[in-house]
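Next come the chains, spelled out residue by residue.
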Amino acid sequence: MSLGTPLGVLDLVPVPSGATASDALRNSLDLARQTERLGYTRYWFAEHHLNPGVAGTSPAVLLALTAAATSTIRLGSGAVQLGHRTALSTVEEFGLIDALHPGRLDLGLGRSGGRPAPVPDTPAPAATPVVDGRAPGGLLVPRRFSFEALLGSPRIALQRTLLLLPGAEPQDYPDQLDDILALLAGTYRSADGVEAHVVPGEGADLQVWILGSSGGPSAREAGARGLRFAANYHVSPATVLEAVDGYRAAFQPSDVLDKPYVSVSADVVVAEDDATARHLAAGYGPWVRSIRTAEGAIAYPAPEEARALPWTEKDEDLVRDRVDTRFVGTPAHVADRLEQLRDATGADELLVTTITHDHTARVRSYELLAREWHRRSG
């Protein structure tokens, strides 16, 4: 796999229906070991809160557990939600893990968490042309999904209440990034000149990444600082091109990078044949519906359970962009779609996220994809 575009893993630690959070955590540790064996280069954990069907609440804790269970695969956050954290706590946590597992950690940072759901940025259109919903090479770029309906959600407000201390307000994102980089480098000075040195943390051998879903602040801040950038096709397929284009337009060479470096995520399910893959993917629509109605991610349904759930045209419209841009099928078909995504975005790496109700099928999906990707690379 190393000869071609590297593949990594993005894990939400999904809880299958009928299972527990403990089961989900054991599944994720097993998947990390298996994907390390299969040649995947990174294993990232997302951060989510108040979701009954997602157990990935603390990337740092998950990374510490996974680092002890693996030996070579890079481990990272996709992403730490800075909206309810401080620069110091972030550097300290990752510094602690790096002290025992040096040189293996990716510190992925995101703006969300503790804030109301943001209104999506509306920067200039992507430089990459889109004609009739297709980018060059045929990549599907659906119309933008509006999060307006979620802004007044009581659950979103409750999340902010529970994540933030009373009266606390998140630090401005650019200042927070500057503080994290300064604490890691050992150059932090307060406004009145007082130094701060983080032990462990200062000098930690971390790769710092910025995650973003549009060409707005996250893409611009990543580019301006010469950091690596990860764009989310699996979460916001409509804005992936403007995200990577915005990052590249803002990029300034740094001590870390002399040119832009991009990873792009995709949601996939791979099986030996198309019918089996579609069967395994049946729970995805209801699961996405639960997220987009602010219900909170439900436990991931088995295919039979998913087909028995009520489903309307309104539901179909709510999740269409996510379902239509999930790559589902044989290894050859999914690899074709991943190459299409890579070519349209110019991605240097791809992050694959796969959720199935059955853990064995999930591991098998990654195995089949790795085998096909390696065949094409070698």
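A brief structural summary.

The rules behind the values
Residues numbered from 1 in each chain as written. Predicted model: local features only at pLDDT ≥ 70, side-chain atom pairs only at ≥ 80, totals over all residues. Heavy atoms only, no water. Helix = DSSP H or I, 4+ residues; strand = E, 2+ residues; numbered from the N terminus. Rg over C-alpha atoms; globule rule 2.2 N^0.38 Å. Buried < 20%, exposed > 50% of the residue type's maximum accessible area, 1.4 Å probe, protein only. Contact = heavy atoms within 4.5 Å. Areas by Shrake-Rupley, 256 points an atom, 1.4 Å probe, with all protein chains shown as cover. Lys, Arg positive; Asp, Glu negative; His and termini not counted. Charge placed at Lys NZ, Arg CZ, Asp CG, Glu CD. 1 Å grid on protein atoms, 1.4 Å probe; cavity = no way out; pocket = protein on both sides within 12 Å on 5 of 7 lines; lining within 4 Å. Points joined across faces, edges and corners; volume = space filled by probe spheres on them. Nonpolar A, V, L, I, M, F, W, Y, C, P; charged D, E, K, R; others polar. Core = buried A, V, L, I, M, F, W, Y, C linked by side-chain atoms within 4.5 Å. Polar contact = N/O pair within 3.5 Å; in protein donor to acceptor, adjacent residues only side chain to side chain. Pairing = 2+ DSSP bridges. Patch = residues over 30% accessible without salt bridge, like charges linked within 9 Å, V, L, I, M, F, W, Y side chains within 5 Å. Salt bridge = Lys/Arg side-chain N within 4 Å of Asp/Glu carboxyl O. Expected span 1.5 Å × (residues − 1). Arc of directions from axis to C-beta.

## Overview of the overall build of the protein
- Within the protein, the secondary structure is distributed over 13 helices and ten strands.
- Relative to its length of 378 residues, the protein is compact, with a C-alpha radius of gyration of 20 Å against a globular reference of 21 Å.
- Taking the principal axes of its C-alpha atoms as reference, the protein extends roughly 65 × 50 × 45 Å.
- Counting across all 378 residues of the protein, residues that qualify as buried make up 55%.
- The long-range fraction of contacts in the protein, counting pairs at least 24 apart against all pairs at least 6 apart in sequence, stands at 75%.
- Approximately 16,000 Å² of the protein is accessible, and the part contributed by carbon and sulfur atoms is 55%.
- If you average the places of the 35 positive and of the 47 negative side-chain charges in the protein, the two averages end up 4 Å apart.

## Section: empty space enclosed by the protein
- Tallied over the full model, the rule gives one cavity of 30 Å³ or more.
- Of the pockets and cavities examined, the largest cavity occupies roughly 60 Å³.
- What lines the largest cavity is simply Val 13, Pro 14, Pro 16, Ala 24, Asn 27, Ser 28, Thr 356, His 357, His 359 and Arg 362.
- Of the residues forming the lining of the largest cavity, the biggest block, three residues, is contributed by helix α1 (residues 21-38).
- Among the residues forming the lining of the largest cavity, the class breakdown is four nonpolar, five polar and one charged.

## Describing unusual backbone geometry
- Between Gly 78 and the following residue, Ala 79, the backbone shows a cis peptide bond with an omega angle of 10°.
- With respect to the helices and strands, the residue Ala 79 is situated in the loop between β3 (74-77) and β4 (80-81).
- Cis geometry is adopted by the peptide bond preceding Pro 200, which originates at Val 199 and carries an omega value of -10°.
- Unlike most non-glycine residues, Val 13 shows phi in positive territory, near 55°.
- In this structure, Val 13 sits in the loop between β1 (7-11) and α1.

## With respect to the nonpolar core
- Formed by 73 residues in total, the largest nonpolar core has its most connected members in Tyr 40, Leu 109, Val 264, Val 268, Phe 327, Leu 338 and Leu 369.
- Sorting elements by how many residues they give to this core places helix α13 (residues 359-377) first, with six residues.
- Counting 19 residues, the second largest nonpolar core, distinct from the first, contains Tyr 300, Val 319, Leu 351 and Ile 355.

## Here's the deal with the environment of Arg 320
- Structurally, the position occupied by Arg 320 is in helix α11 (residues 313-324).
- In this structure, the C-alpha to C-alpha distance between Arg 320 and Val 288, residues 32 residues apart in sequence, is 9.7 Å.
- Looking at Arg 320, its side chain comes within polar contact range of the side chain of Asp 317, at 2.5 Å.

## Observations concerning the pairing of strand β5 (residues 105-110)
- Burial analysis of β5 places six of its six residues in the buried class, which makes it a mostly covered element.
- Burial of β5 is two-sided: the residues Leu 105, Leu 107 and Leu 109 facing one way and the residues Asp 106, Gly 108 and Gly 110 facing the other way are all buried.
- As defined by bridge partners, β3 adjoins β5 across two bridges and the pair is classed as parallel. Residue pairing for β5: Leu 75 is matched across the bridge by Leu 105.
- Summarising the sheet, β4 and β5 pair through two bridges and their orientation is parallel.

## Some thoughts on a nonpolar patch on the surface
- The grouping of Leu 50, Leu 158 and Leu 162 at the surface amounts to a nonpolar patch, some 280 Å² of accessible area in total.
- Residue classification places Leu 162 among the exposed residues on the basis of a relative accessible area of 57%.

## Quick word on the side chain of Arg 322
- Inspection of the secondary structure puts Arg 322 in helix α11.
- Among buried charged residues, Arg 322 stands out as having no salt bridge; its nearest opposite-charge side chain is Asp 267, 4.8 Å away.

## Description of helix α5 (residues 173-185)
- Taking 1.5 Å as the rise per residue, α5 with 13 residues should run 18 Å; its terminal C-alpha atoms sit 18 Å apart, in good agreement.
- Of all the positions in α5, only Tyr 173, Gln 176, Leu 177, Ile 180, Ala 182, Leu 183 and Leu 184 are classed as buried.
- Residues of α5 that are buried make contact with α3 (87-100), β5, β6 (207-212) and α6 (217-224).
- Of the residues one or two after α5, Gly 186 is the one with positive phi, at around 80°.

## Considerations on the environment of Ala 302
- Along the polypeptide, Ala 302 turns up in the loop between α9 (284-292) and α10 (303-308).
- Between the C-alpha atoms of Ala 302 and Tyr 284, which are 18 residues apart in sequence, the distance is 9.7 Å.
- Non-local contacts of Ala 302, meaning those with residues more than four positions away in its chain, are made with Ser 17 and His 357.

## A short note on the pattern of salt bridges
- Taken as a whole and judged by the stated rule, the model has 22 salt bridges.
- For Arg 42, the salt bridge is made with Glu 349, and the minimal N-O distance between the two is 2.8 Å. Taken together, the residues span a long stretch of sequence, with Arg 42 in strand β2 (residues 42-45) and Glu 349 in strand β10 (residues 349-353) at a distance of 307 residues. Here Arg 42 and Glu 349 have matching classes, each one buried.
- Each of Asp 336, Glu 339, Glu 372, Arg 375 and Arg 376 takes part in a single network of salt bridges with overlapping partners.

## Side note on α11
- Of the positions making up α11, those classed as buried are Asp 315, Leu 318, Val 319, Asp 321 and Arg 322. Looking straight down α11, one finds that the buried residues subtend no more than 150° of arc, so they occupy a single side.
- At its buried positions, α11 is contacted by α9.

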